[in-house]
Amino acid sequence: MGNVLVTGGAGYIGSHACKALRAAGMTPVTFDNLSTGWRDAVKFGPFVYGDLLDRPVLDTVFEEYSPVAVMHFAALSLVGESMRDPGLYWRNNVSGSLNLIEAAVAAGCRTFVFSSTCATYGEQDNVVLDETAAQQPINAYGASKRAIEDMLRDFEASHGLRHVIFRYFNVAGADPEGEVGEFHRPETHLVPLILDAIDGKRDALTIFGTDYDTPDGTCIRDYVHVGDLVDAHVLGLKWLQEGGESRVFNLGTGTGFSVREVLDESRAVTNRAVPVVEGPRRPGDCTRLVSGSTRAEAELGWHPRRSTMKQMITDAWRWHQTGHYEG
Ligand SMILES: NC(=O)c1ccc[n+]([C@@H]2O[C@H](COP(=O)([O-])OP(=O)(O)OC[C@H]3O[C@@H](n4cnc5c(N)ncnc54)[C@H](O)[C@@H]3O)[C@@H](O)[C@H]2O)c1
Ligand SMILES: O=c1ccn([C@@H]2O[C@H](COP(=O)(O)OP(=O)(O)O[C@H]3O[C@H](CO)[C@@H](O)[C@H](O)[C@H]3O)[C@@H](O)[C@H]2O)c(=O)[nH]1
């Protein structure tokens, strides 16, 4: 019950989280600068236009809405872009999060759920990626997220900021009811790009690297359905509200798919050909990122229900054919 401040609520994952929070009886208050998000995606609660770098606006939001918790999705999150312009990532993600955390603490809001990433683990051969694995990011995006994790631990020690950190693996799919979905402009994510290539919105899908040390030479990722992912957030919030300790959880299924396997499943689901071009590696990409943890299942009671590749592509394809935002 109560208001939850959702930064990045106009974005892909944040908009799905708002729907899940609303269904759980809470009011999601979206705070977003619409840099990569959409006003049309804010459907489940109030919208505040603002930037994390603007501390006075943040203070006003805490005063006006008195949120019981913060869910912090707002970030820049593209690996390639972060390699070209690391300053953008340190400023927006790290300085922005510092403002948000300080504003929350100043307002007495000490319940915080944070979107981190498996990109903080980096490249580690033959290591099980559970929450105890070393964090050795190989790109500025992952480094910015690791820094925010450290910040949360420091603010817990000094100000009692209780937090859950979710390290997502690759998020895909869309709301099965079609109210919200993935819509990035420009798009850089694998599944929507494949769907664009299938229906002629782009000439072809370029595979970034075919010489990786994997069975078919392409990168391997662990894909999780956005609906399952946001369910975990509601459980994480409940965990904190019921007195659970600050905790880190991986969110992935533990099954890896290569780029070629995602292409094969996309062909099967849509029953359409995918034009493909083989290209060079993309700087900053890890060879293999697959979760090796069942902590979220064991401790939060999280059970991913839609995270098969077939279901993720089916839901993404439905959204792709019908859904979009205009502003
Ligand atoms: N998509 C994935 O596969 C994935 C995987 C791991 C982690 N994550 C993390 O999940 C979160 C959400 O990702 P997404 O895919 O929904 O991204 P997204 O780009 O769709 O959403 C991010 C939202 O944050 C907003 N935003 C960015 N900077 C802001 C600022 N300074 N002030 C206010 N609003 C700002 C954007 O306008 C956008 O609406 C991010 O923190 C990302 O790092 C995503
Ligand atoms: O046109 C494309 C786009 C992607 N890929 C490959 O597909 C895989 C997935 O790429 P993408 O969908 O861009 O996701 P990631 O770069 O893995 O990053 C996502 O997943 C991370 C967790 O792994 C999150 O932290 C990031 O925010 C999120 O963008 C990677 O191997 C890419 O090399 C291609 O081959 N061609």
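Please refer to the structure placed before this passage.
Everything in this summary refers to the structure shown in the same document. Treat the numbers as computed from the prediction; the structure is a model and nothing was measured.

## Examining the pattern of salt bridges
- The full count for this structure, using the stated rule, is 19 salt bridges.
- With its nearest N and O atoms 2.7 Å apart, the salt bridge here joins E179 to K19. In this pair, E179 is assigned in the loop between β7 (170-172) and α6 (190-198) and K19 in helix α1 (residues 12-23), connecting sequence segments 160 residues apart.
- Classification of E179 as partly exposed rests on a relative accessible area of 31%.
- Of the charged contacts in the structure, one is a salt bridge between R305 and D231, with a shortest N-O distance of 3.3 Å. You can see R305 sitting in the loop between α9 (295-300) and α10 (309-322) and its partner D231 sitting in helix α7 (residues 226-241), a full 74 residues away along the chain.
- Judged by its relative accessible area of 27%, D231 falls in the partly exposed class.
- What you see here is one network of salt bridges that share partners, running through K19, D175, E177 and E179.

## Thoughts on the site of ligand 2
- Taken together, 22 residues form the shell around ligand 2, and within it T117, N170, H189, T206 and D285 come nearest.
- At a separation of 2.7 Å, a nitrogen atom of ligand 2 approaches a polar backbone atom of T206.
- If you list the elements that add at least two residues to the shell around ligand 2, you get α6, β8 (205-208) and β9 (220-225).
- Across the shell around ligand 2, the residue classes break down as 13 nonpolar, 6 polar and 3 charged.
- Both domain 1 (3-172 + 223-251) and domain 2 (190-221 + 254-322) contribute no fewer than three residues apiece to the shell around ligand 2.

## Observations regarding the nonpolar core
- By size, the foremost hydrophobic cluster in this structure holds 39 residues, and its most contacted members are I13, L21, F166, Y168, V171 and L251.
- Elements that contribute at least two residues to this core include exactly β1 (3-7), α1, β4 (69-72), β6 (162-168), α7, β10 (247-251) and α9.
- Among the elements that take part in this core, α7 stands out by supplying 8 residues, more than any other.
- For this core, the domains that each give at least three residues are domain 1 (3-172 + 223-251) and domain 2 (190-221 + 254-322).
- Among residues more than four places away in sequence, those in contact with Y168 are I13, F73, S115, S116, T117, C118, L229, H233 and L251.
- Formed by 28 residues, the second largest nonpolar core is a distinct cluster that contains L5, V48, L52 and L152.

## Some thoughts on the sheet that holds strand β2 (residues 27-32)
- The parallel open sheet is built from 7 strands, whose spatial order is β3-β2-β1-β4-β5-β6-β10. In this open sheet, the two strands that pair with only one neighbour each are β3 (47-49) and β10. Taken pair by pair, the neighbouring strands of this sheet meet at an average axis angle of 20°, ignoring direction.
- Of the pairings in the sheet, the one linking β6 to β10 comprises 5 bridges and is parallel in character. Its bridge partner being in β10, I165 is matched across the sheet by V248.

## Structural notes on the site of ligand 1
- Around ligand 1, 29 residues are found, and the nearest of them are D32, T36, F73, Y141 and K145.
- In this structure, L34 approaches ligand 1 through a main-chain N or O atom, which is 3.5 Å from an oxygen atom.
- Here an oxygen atom of ligand 1 sits 2.8 Å away from a polar atom, N or O, in the side chain of H184.
- Isolated, ligand 1 exposes 830 Å² of accessible area, and the fraction of that covered by the protein chains is 97%.

The rules behind these values
Residues numbered from 1 in each chain as written. Chains lettered and ligands numbered in written order. Predicted model: local features only at pLDDT ≥ 70, side-chain atom pairs only at ≥ 80, totals over all residues. Heavy atoms only, no water. Salt bridge = Lys/Arg side-chain N within 4 Å of Asp/Glu carboxyl O. Helix = DSSP H or I, 4+ residues; strand = E, 2+ residues; numbered from the N terminus. Buried < 20%, exposed > 50% of the residue type's maximum accessible area, 1.4 Å probe, protein only. Near = heavy atom within 4 Å. Polar contact = N/O pair within 3.5 Å; in protein donor to acceptor, adjacent residues only side chain to side chain. Nonpolar A, V, L, I, M, F, W, Y, C, P; charged D, E, K, R; others polar. Domains from an automatic or database assignment. Core = buried A, V, L, I, M, F, W, Y, C linked by side-chain atoms within 4.5 Å. Contact = heavy atoms within 4.5 Å. Pairing = 2+ DSSP bridges. Axes fitted to C-alpha atoms, helices over the stretch in contact; angles between N-to-C directions. Areas by Shrake-Rupley, 256 points an atom, 1.4 Å probe, with all protein chains shown as cover.

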